[in-house]
Every structure is written in C-alpha cells, then in structure tokens.
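The residues making up each chain are set out below.
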Amino acid sequence: MNFLWKQWHNLPEAAVRQKQAARLRQFLRDAVLPFSAHYRRVFQEHQLTARSIQSLDDLAKIPFTTKADLLNTPEHPERTKEFVLIPDEKILSRRSGTVLRALLEGRGAVRKQFEAEFRPVFMTFTTGRSAEPVPFIYSQQDMKVLAEAGRRVMEVCGAQPEQRLLNAFPYAPHLAFWLTHYAGTEFGAMMFSSGGGKVMGTEGTLRLMTKLQPDNLIGIPTFLYHVLSQAVAEKVRCKNLRNIVLGGEKVSDGLREKLRELAQEIGAENVTVLATYGFTEAKMAFAECQDIQLSRARQQAAGGGARASDRLLTPAAQSGYHLYPDLGIVEIVDPKTGQPVPNGQPGEIVFTPLAARGTVVLRYRTGDCTDGGLTYEQCPVCRRVVPRLFGNISRTSEIREMKLDKIKGTLVDFNELEHVLDDVPQVGAWQLELRKTNDDPHERDEIILHVQKLDGADETRLARDLSERCFNTADVHPNKILFHDAEKMRELQGVGTQIKEQKLVDHRPKPK
Ligand SMILES: [Zn+2]
C-alpha cells in the first residue's frame, strides 16, 4: 500500500494524527461521501465535506454513529443497507487516476479493481443478544485488511511461524473466528480450528490438544477455562503451550491468573495470557504484546521456577491493545458529553475506519468504556510506537436496570461484579442469573449467583465472603448463592450447547 501502511508501528503522535487526517479526508472524498447513502445525507445536513477535515481535531465535527442508527425499523426497513458503500460507475470513472490506469492497464483491469474494491463477498454479524444481529459486509479489499489486521495480532502477540495454533472460537458468522482464521493463513502458521464448545465439545477439544500439542490456544475465556479445568481433571499433558490468547469477552486479571495456573497443571510452565479487543463494526481486533526474548528466556528457565499458584493474584503488567493507526482511528470520549478526553483519561471507545469498504460506520460509539484511555508513548515491552488502548474495558450492555425494591429501579454494573468474582481464588466457573421473585413479572428482581467452589472451600464462609464482595463493589447482595460442581456449571453456562458460554443470564419474564 503506502508509507503509512509499512510504518504503522513506528510513528510518533503528531505524525500519526497528521497522516490519519489526510487519509480520512481521502477516504471521505473517494469512497464514503460518493457511495454511502447515510453519510452523504448526514454530511449535507451538517454542511460538511471531505475538506472540512483539515486536522484530526476536525473529526469531532462528524456526528457519532450508534448501534441504534444501524437497526432497521418499520419506518426505515433498509437502514442497514444505507451504510454499505454502493459504487456508481459514472463517479468512479471520474476518480483521479482512473483514466490513466485504463490507458495503461486496459479497461478490463480497471473494472476488476473496482469489483475487488466494492463487490460484497463476505459478511459477519453483530452478536448482541438484545437487538437483531446487524450484518457487516466485506469486499475483497476488506478481506485483505482483515487478513492484515489478523497478521498483526499474531505479530504483536509474539507468535512464530513454526508454532502450532488451536483456534477454539465458535464456528459462527462472527468476527473473532474469521479474524483468527485469516490471521493464521496470512501469518503462515499451522492453525487448526475446533469450532468451539458447540462443535467439538470440551472432550473433542481436549483430544485435539493432546494430538496437536499446540503452542498457542486461542478462544473465549469462559470456554478455555472449562477446557483447561477438564484437561487437569483428565490429566491431559500439553507441555508446548506458551500463549493463551483471549478474545470475544473482556478479561479480568483474576481469570488470567487462573488460566495460567491451570496451564501449569497440565505441564505448560510460564504461559503468557494475552487479551485481544475487537468488535464487528471495526472489522478488526487489537492485541496485547509480549517481549519475545523475555518469553523465550522464561521458557528455557521453566521447570525450576516458583509455581504460579504461589504467586499472589496481582494485576499482570499489561501492555495495552496495540492499535493500527493506518487502518482506523480510535477516539476516547466522555460517555455523557461526547467530548474527546485527553490521552490517558477514561471514557467510551469510538472508532472510525480508514480503509473500509462494504459496510462503513464513522465515529462509531462502541458502548465499551475503558478506565485507562489512550496513549501514544512507545510500548515499554515491545518498543513499537503505536497508539495503545489501556485499561479494563466494560460494556454498557452489562449495566442493567434492576428493580431490587418496590420503589425504584437501580442500575447494577455487572462488569464490576465479573472482576470481583474472577479475582476470588476459591471460585472456579460462575454465573449470575437474573430472575423475578416467584417468576412473577410484577415482582422484584433477584440476583442468583451460581458458583463452582475450588479446593474444598467452606461453603458458609465463602458465601458470606462473596456476598460481602458483591456488596462492596456493586451495592447489591445476591439473593441466593448456589454451589455446583464443574459439570453442572458447564450445563448452566451452556458449554457444548450455546455458541458462546454465558456468565450473565437474564431469566426475568417480560410483563405481558
Ligand atoms: Zn508492545
């Protein structure tokens, strides 16, 4: 492509912002404004043109796009389609360079390039449980960007081409599976995709792990926790395992530590647990990095070191998600005012692509909030100079309105409870279930906490401890705490039956 593409991991903030503004201007002029019905209208309404973006500060002139904007409604049954770039031949023929290219390479070649740029060839869907899934369309050009983003995930995570990878994301039309698939082929490493719990099940995944002896295990944290716990129970050995790469769900430090401990019990010393962050609307994901030399040294020194379980559950030294400034712009804004916040400040993650075709959203509000913000400092671990996204990411969809008493509704942040529960060493798998008292839709809401306790912990004491921790964090006591064995927890979470395992389920009947 061009200079920025090649230098994506070596640009200081001022250069990044300048190049992003130039690229955005070009992207708006050549692809979005001529071919997106939605943004053509929005820009007209706000009297904006591509030239309105002179520096990256001007990005704030473009209105946000939200999840709701993408949903079809009875009044606007074609809304989703209005975000797809649909080319117009007349406009394309006037694009700068088109005539010259047609002269040099022939009209057929030019037509082929336009087809590759715009023709839909693939799609993934959003995974929201509350709303209808929204399709996100890809052209061949998008597939190249997807593969490149995937390759960078592998590079940042420190994978090596000679390593073997097991992709345990569910076979589904979702970003996580396909990004991982193309990451493997583009990077050129041996990857096997198990299809997750619903396809091969925990048993099948374990057989595969035994046979393949992967260096990298990639999947959804909840499912990988079950796989590794079962591996320990069945005395499976998986000594080659070096990296566990997590995606599709947010990851707490407590869970990272638990996964590391389980890996150690199946013979994998000093496994690195890395998280990725991605979403359908970005058509890409970003990863935490590791110091390859340090990781190799640790691998060699493994064997005589301290057991992971001897260590305290302290936050890992996380490097942040490494962004690709040539492929998209990440902003952090105040979720209430929508104003961009300074570097390092918490806020909501907003995304604008720079190379997308197919479905395109500008200034997309993810509804995901990070408590760490954005930094442009050189990464102390891998030395790359890229913008990085820091902190714990929580989803606004996991803040639920609860009727805990008869008088008023209370907002409960289940993001916070997740961290609390993952951090308790005696807790294995868990699930929060929302119900109505007596299943009566007019009654109060109840929170039931299902827990698998570990290491023969005392139930009464653990229940008291958990109840207190929940109250200290989210101001709620669970109405009931029920203890189950691993098998029952797998059943509750839907391992092997659901595409994605569930940690928060809402069984409240809707009033008729
Ligand atoms: Zn790094």
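So, a few notes on the structure that sits alongside this text. Everything numeric in this text was worked out from a predicted model, so none of it was measured.

1. A short note on the overall build of the chain
- Of the regular secondary structure elements, the chain holds 15 helices and 21 strands.
- Its C-alpha atoms give the chain a radius of gyration of 24 Å, within 12% of the compact-globule value 24 Å for 512 residues.
- Residues counted as buried form 53% of the 512 residues belonging to the chain.
- Across the chain, the fraction of contacts at a sequence separation of at least 24, relative to all contacts at a separation of at least 6, is 69%.
- Counting 69 positive and 65 negative side-chain charges, the chain places the averaged centre of each group 6 Å from the other.

2. Description of the coordination of the zinc ion
- With distances of 2.1 to 2.3 Å, the protein atoms coordinating the zinc ion are C289 (SG), H322 (NE2), C379 (SG) and C382 (SG).
- The coordination sphere of the zinc ion comprises 4 donor atoms, whose angles at the metal cover 103 to 115 degrees; the geometry is tetrahedral.
- When the donor residues of the zinc ion are listed from N- to C-terminus, their spacing reads C-x32-H-x56-C-x2-C. Of this pair, H322 sits in strand 9 (residues 321–322) while C379 is found in the loop between strand 13 (373–375) and strand 14 (388–390), placing the two residues 57 residues apart along the sequence. Each of the two residues, H322 as well as C379, counts as buried.

3. Focus: the side chain of E249
- Among the secondary structure elements, E249 is positioned in the loop between strand 6 (243–246) and helix 11 (253–265).
- Despite its burial, E249 remains without a salt bridge, the nearest opposite charge being carried by K503 at 4.5 Å.
- Separated by 2.7 Å, the side chains of E249 and T222 make a polar contact.
- Residues within four places of E249 in sequence aside, it is in contact with I220, P221, T222, K500, E501 and K503.

4. Considerations on the environment of Q213
- You can see Q213 is positioned in the loop between helix 9 (201–212) and strand 5 (216–219).
- Distance in space between the C-alpha atoms of Q213 and K239 is 7.4 Å, their sequence separation being 26 residues.
- Residues in contact with Q213, not counting those within four places in the same chain, are R164, L208, R237, C238, K239 and N240.

5. Digging into a nonpolar patch on the surface
- Among the surface-exposed residues, Y171, M190, F192, V199 and M200 lie close enough to one another that they form a single nonpolar patch of about 440 Å² accessible area.
- Locating M200 in the fold gives a position in the loop between strand 4 (190–193) and helix 9.

6. Some words on the nonpolar core
- With 84 residues, the main nonpolar core has M209, I244, M284 and L389 as its most contacted residues.
- Among the elements that take part in this core, helix 7 (residues 140–157) stands out by supplying 8 residues, more than any other.
- Once residues within four sequence positions are removed from consideration, L389 is found in contact with Y277, G320, Y321, L323, V330, I332, I349, T370, G373 and L374.
- By size, the runner-up hydrophobic cluster in this structure holds 32 residues, among which are F43, I53, V134 and L362.

7. Notes on the side chain of E148
- One can find E148 in helix 7.
- Note on E148: relative accessible area 8%, which makes it buried.
- Within polar-contact distance, the side chain of E148 engages the side chain of R151 at 3.0 Å.
- Here the side chain of E148 touches R152 through a polar contact of 2.7 Å, side chain to side chain.

8. A look at the sheet that holds strand 19 (residues 445–453)
- Reading across from one edge, 20-19-18-21 is the order of the 4 strands in this open sheet, with mixed pairing throughout. With one partner strand each, in any of the chains shown, strand 20 (480–483) and strand 21 (504–506) form the two edges of the open sheet. Ignoring strand direction, the axes of neighbouring strands in this sheet form an average angle of 20 degrees.
- With 4 bridges joining them, strand 19 and strand 20 adopt parallel strand pairing. Counterpart to L449 in the pairing with strand 20 is I481.

9. Things to note about helix 9
- A rise of 1.5 Å per residue sets the reference length of helix 9, with its 12 residues, at 16 Å; its end C-alpha atoms lie 16 Å apart and thus fit the reference within 8%.
- Within the span of helix 9, buried status applies to G201, T202, G204, T205, L206, L208, M209 and L212.
- Of the surrounding elements, those touching the buried residues of helix 9 are strand 3 (164–167), strand 4, strand 5, helix 10 (221–233) and helix 15 (486–493).

10. Quick word on the pattern of salt bridges
- One pass over the full model with this rule turns up 34 salt bridges.
- A salt bridge links E155 to R151; its shortest N-O distance comes to 2.5 Å. In this pair, E155 and R151 both sit in helix 7, 4 residues apart, roughly one turn of the helix.
- Between K250 and E398 there is a salt bridge, with the nearest N and O atoms lying 2.7 Å from each other. A residue pair is termed long-range when its members are at least 10 positions apart, and K250 in the loop between strand 6 and helix 11 and E398 in the loop between strand 15 (393–395) and strand 16 (399–402) qualify at 148 residues.
- Each member of the salt-bridge network shares a partner with another, and the members are E148, R151, R152, E155, D326 and R384.

11. Side note on the packing of helix 10 against helix 15
- Contact geometry of helix 10 with helix 15 gives a least axis separation of 12 Å together with a crossing angle of 155 degrees. In terms of orientation, helix 10 lies roughly antiparallel with respect to helix 15. As for how helix 10 packs across helix 15, the hand of that crossing is left-handed. Here T222, H226 and Q230 of helix 10 come into contact with helix 15, specifically with M489, R490 and Q493.
- Here the residues of the contact of helix 10 with helix 15 sort into 1 nonpolar, 4 polar and 1 charged.

12. Here we look at the packing of aromatic side chains
- Evaluated as defined, the whole model comprises 11 aromatic pairs.
- Aromatic side chains F177 and W178 sit 5.0 Å apart centroid to centroid with 85 degrees between the ring planes, which places their arrangement in the edge-to-face category.
- Its relative accessible area of 5% is what places F177 among the buried residues.
- Plain terms: the ring middles of Y277 and F279 are 5.5 Å apart, the flat faces sit at 50 degrees to each other, and that makes the pair tilted.
- Here the guanidinium or amino end of R101 rests over the ring plane of F114, the centre of that ring lying 5.9 Å away.
- One cation-aromatic arrangement involves R365 over F64; the distance from NZ or CZ to the ring centre is 4.7 Å.

13. A look at the sheet that holds strand 15
- With antiparallel pairing, the 4 strands of this open sheet are ordered in space as 10-11-12-15. Bordering the open sheet on either side are strand 10 (328–333) and strand 15, each of which pairs with just one other strand. Each strand axis lies, on average, 40 degrees off the axis of its neighbour in the sheet, ignoring direction.
- As paired elements, strand 11 (residues 347–353) and strand 12 (residues 364–370) share 4 bridges and run antiparallel to each other. Bridge pairing links E348 to C369 in strand 12.

Reading the values: the criteria
Residues numbered from 1 in each chain as written. Predicted model: local features only at pLDDT ≥ 70, side-chain atom pairs only at ≥ 80, totals over all residues. Heavy atoms only, no water. Helix = DSSP H or I, 4+ residues; strand = E, 2+ residues; numbered from the N terminus. Rg over C-alpha atoms; globule rule 2.2 N^0.38 Å. Buried < 20%, exposed > 50% of the residue type's maximum accessible area, 1.4 Å probe, protein only. Contact = heavy atoms within 4.5 Å. Lys, Arg positive; Asp, Glu negative; His and termini not counted. Charge placed at Lys NZ, Arg CZ, Asp CG, Glu CD. Donors = N, O, S within 2.8 Å, 3.2 Å for Na, K, Ca; no water. Tetrahedral: all angles 85-135°; square planar, octahedral: opposite > 155°, others 65-115°. Salt bridge = Lys/Arg side-chain N within 4 Å of Asp/Glu carboxyl O. Polar contact = N/O pair within 3.5 Å; in protein donor to acceptor, adjacent residues only side chain to side chain. Patch = residues over 30% accessible without salt bridge, like charges linked within 9 Å, V, L, I, M, F, W, Y side chains within 5 Å. Areas by Shrake-Rupley, 256 points an atom, 1.4 Å probe, with all protein chains shown as cover. Core = buried A, V, L, I, M, F, W, Y, C linked by side-chain atoms within 4.5 Å. Pairing = 2+ DSSP bridges. Axes fitted to C-alpha atoms, helices over the stretch in contact; angles between N-to-C directions. Expected span 1.5 Å × (residues − 1). Parallel < 35°, antiparallel > 145°, perpendicular 65-115°, else oblique. Left-handed = near helix turned anticlockwise from the far one by under 90°. Nonpolar A, V, L, I, M, F, W, Y, C, P; charged D, E, K, R; others polar. Phe/Tyr/Trp six-rings, centres within 6.5 Å; stacked < 30°, edge-to-face > 60°. Lys NZ or Arg CZ within 6 Å of the ring centre and 35° of its normal.

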